[in-house]
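The lines below spell out each chain.
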Amino acid sequence: GNHPHPHRGRGNRPRFGAMMADRSGTFLGSRERGGKPSRHRFRKRCRNRRSVTLLELVLAIVILGTVMLVLGRTVFGIIRVYQWVQDSDALHQGARVLESRLATELKSATSITQASGTTLEFVTTYILDSDSGTESIKYTVSGTSLLRQVDTGAGYGAAATVLTGVTAFSPS
């Protein structure tokens, strides 16, 4: 009827600045009878807020730094353990492959020429297509590596590393 703007304030949408409440239930931006926004409650709440002192801020930074240091060390420790497990798994896998290879080669061995704490040498026969013969195979520990050399009659060839991380070798 007598409303100066009949198209405003109607429908389901709230008007801009109309009765908005914060979480505590205090209405912000509501209009009082004079038509001016009532912000005195909001300002009063801000004035009553306790500010953070420099000492509290420094203390919070020190506590956060300590927590981050502990977490960082824990994460790096977990990474080191993970790498150690990966290296250990690779070593065990290599040892299983070597064990299978040695078992196959020793089954065809005709004689063992040397067996010590660092060397295993044996003679084996082989059959390849229409060719057959004998060869000497030597496994030697050098540092932490296990080396394999083959002599097909012209002397031992270059040593090939078959396993790294070897700490003991007992061919018996």
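About the criteria used
One numbering rule holds for all chains: residues counted from 1, following each sequence as written. Reporting in this predicted model follows two pLDDT cut-offs: at least 70 for local features of residues, and 80 or more for side-chain atom pairs to be given and counted; totals over whole chains, interfaces and linings ignore these cut-offs and use all residues. Calculation of side-chain values draws on the structure's entire complement of heavy atoms; hydrogens and water are dropped beforehand. Centres within 6.5 Å make a pair out of two Phe, Tyr or Trp rings, where for Trp the six-membered ring is used; the pair is then stacked when the planes are under 30 degrees apart, edge-to-face when over 60, and tilted otherwise. Lysine and arginine charges are scored as sitting over a ring when NZ or CZ, respectively, is within 6 Å of the ring centre and within 35 degrees of the ring normal. Throughout this description, the term nonpolar core refers to a set of buried Ala, Val, Leu, Ile, Met, Phe, Trp, Tyr and Cys residues connected via side-chain atoms within 4.5 Å. A 1.4 Å probe rolled over the protein chains alone gives each residue an accessible area, and that area as a share of the maximum for its type sets the label: buried under 20%, exposed over 50%, partly exposed in between. Where helices and strands are cited, they refer to DSSP runs of H or I of at least four residues and of E of at least two residues respectively, numbered from the N terminus. Any two residues having at least one pair of non-hydrogen atoms within 4.5 Å are treated as being in contact. Every patch collects residues that have over 30% relative accessible area and no salt bridge, joining them within 9 Å if they carry like charges and within 5 Å if they are nonpolar side chains (Val, Leu, Ile, Met, Phe, Trp, Tyr). Exposure was quantified through the Shrake-Rupley algorithm and a 1.4 Å probe, taking into account, for residues, occlusion by the shown protein chains and nothing else. Every case where a carboxyl oxygen of Asp or Glu lies within 4 Å of a side-chain nitrogen of Lys or Arg is listed as a salt bridge. Here, a strand pair is defined by DSSP locating no fewer than two bridges between the strands. Whenever a helix is involved, its axis is fitted only over the stretch in contact; in every case the axis is a line through C-alpha atoms, and angles between N-to-C directions fall within 0 to 180 degrees. For this analysis, a polar contact is any N or O atom pair within 3.5 Å, provided that within protein one partner can donate a hydrogen and the other can accept it, and provided that sequence-adjacent residues contribute only side-chain to side-chain pairs. The span expected for a helix works out to 1.5 Å for each residue beyond the first.

Colleague: Which residues make up the packing of aromatic side chains, and what are the values?
Modeller: A full pass over the atoms with the stated rule returns one aromatic pair. Just above the ring of Tyr-156 sits the side chain of Lys-138; from NZ or CZ to the centre is 4.6 Å.

Colleague: Let's hear about the nonpolar core: which residues, and what values?
Modeller: Core analysis: the biggest nonpolar cluster contains ten residues, these being Leu-98, Leu-102, Leu-120, Phe-122, Ile-137, Tyr-139, Leu-146, Leu-163, Val-166 and Phe-169. Contributing elements (two or more residues each) for this core: α2 (54–107), β4 (119–128) and β5 (131–142). Here Phe-169 is in contact with Gly-117, Thr-118, Thr-119, Leu-120, Tyr-139, Val-141 and Leu-146, once residues within four sequence places are set aside.

Colleague: Lay out a nonpolar patch on the surface in plain terms, naming residues and giving numbers.
Modeller: A cluster of nonpolar residues, Val-52, Leu-54, Leu-57, Val-58, Ile-61 and Val-62, forms a patch on the protein surface that exposes about 590 Å² of accessible area. You can call Val-52 exposed: its relative accessible area is 62%.

Colleague: Quick one: what's the story with the pairing of strand β6 (residues 145–151), residue by residue and with numbers?
Modeller: In terms of burial, β6 is a largely internal element, five of the seven residues being buried. Bridge analysis of β5 against β6 gives seven bridges, and the strand direction is antiparallel. Bridge pairing in β6 places Val-141 opposite Leu-146. Two successive antiparallel strands, β5 and β6, enclose a turn made up of two residues, where Gly-143 displays a positive phi of approximately 65 degrees.

Colleague: Explain the pattern of salt bridges to me, using residue names and the numbers behind them.
Modeller: Taken as a whole, this structure holds two salt bridges when the rule is applied. Linking Arg-101 and Glu-105 is a salt bridge whose minimum nitrogen-to-oxygen distance equals 3.6 Å. You can see Arg-101 and its partner Glu-105 sitting in helix α2, four residues apart, about one turn around the helix. Among the ionic pairs, Glu-105 bridges to Arg-148, the shortest N-O distance being 2.5 Å. Of the two residues, Glu-105 sits in helix α2 while Arg-148 sits in strand β6, which places them 43 residues apart along the sequence. Of the two residues examined, Glu-105 and Arg-148, each falls in the buried class. Through salt bridges with shared partners, a single ionic network connects Arg-101, Glu-105 and Arg-148.

Colleague: Can you explain the environment of Lys-107? Please cite residues and give values.
Modeller: Here Lys-107 lies in helix α2. The sequence separation of Lys-107 and Thr-124 amounts to 17 residues, and the corresponding C-alpha distance is 8.6 Å.

Colleague: Requested: an account of the sheet that holds β5, with residues and values cited.
Modeller: The strand order β3-β4-β5-β6-β7 describes an open sheet built from five strands, whose pairing is antiparallel. Two strands close off the open sheet at either side, each with one partner strand: β3 (109–115) and β7 (160–164). Ignoring strand direction, the axes of neighbouring strands in this sheet form an average angle of 25 degrees. Where β3 lies against β4, five bridges are found, and the strand directions are antiparallel. Bridging from a neighbouring strand, Ser-111 pairs with Val-123 of β4. In the packing of α2 onto the sheet, the strands contacted are β3, β4, β5, β6 and β7, and the crossing angle to β7 comes to about 130 degrees.

Colleague: Residue-level account of the side chain of Arg-148, with values.
Modeller: The exposure class of Arg-148 is buried, given its relative accessible area of 14%. Polar contacts involving the side chain of Arg-148 include one to the side chain of Glu-105, which spans 2.5 Å. With sequence-adjacent residues up to four places away left out, Arg-148 is seen in contact with Arg-101, Glu-105, Ile-137, Lys-138, Tyr-139, Ala-158, Ala-159, Ala-160 and Val-162.

Colleague: Give me the lowdown on α2, citing residues and values where you can.
Modeller: Residues three or four positions apart in an α-helix share a direction because the helix packs 3.6 residues into each turn. Taking 1.5 Å of rise per residue, 54 residues should cover 80 Å, and α2 covers 79 Å from first to last C-alpha, within 8% of that figure. Considered for burial, the residues of α2 that qualify are Gly-77, Ser-88, Gly-94, Leu-98, Leu-102 and Glu-105. Buried residues along α2 sit in contact with β3, β4, β5, β6 and β7.

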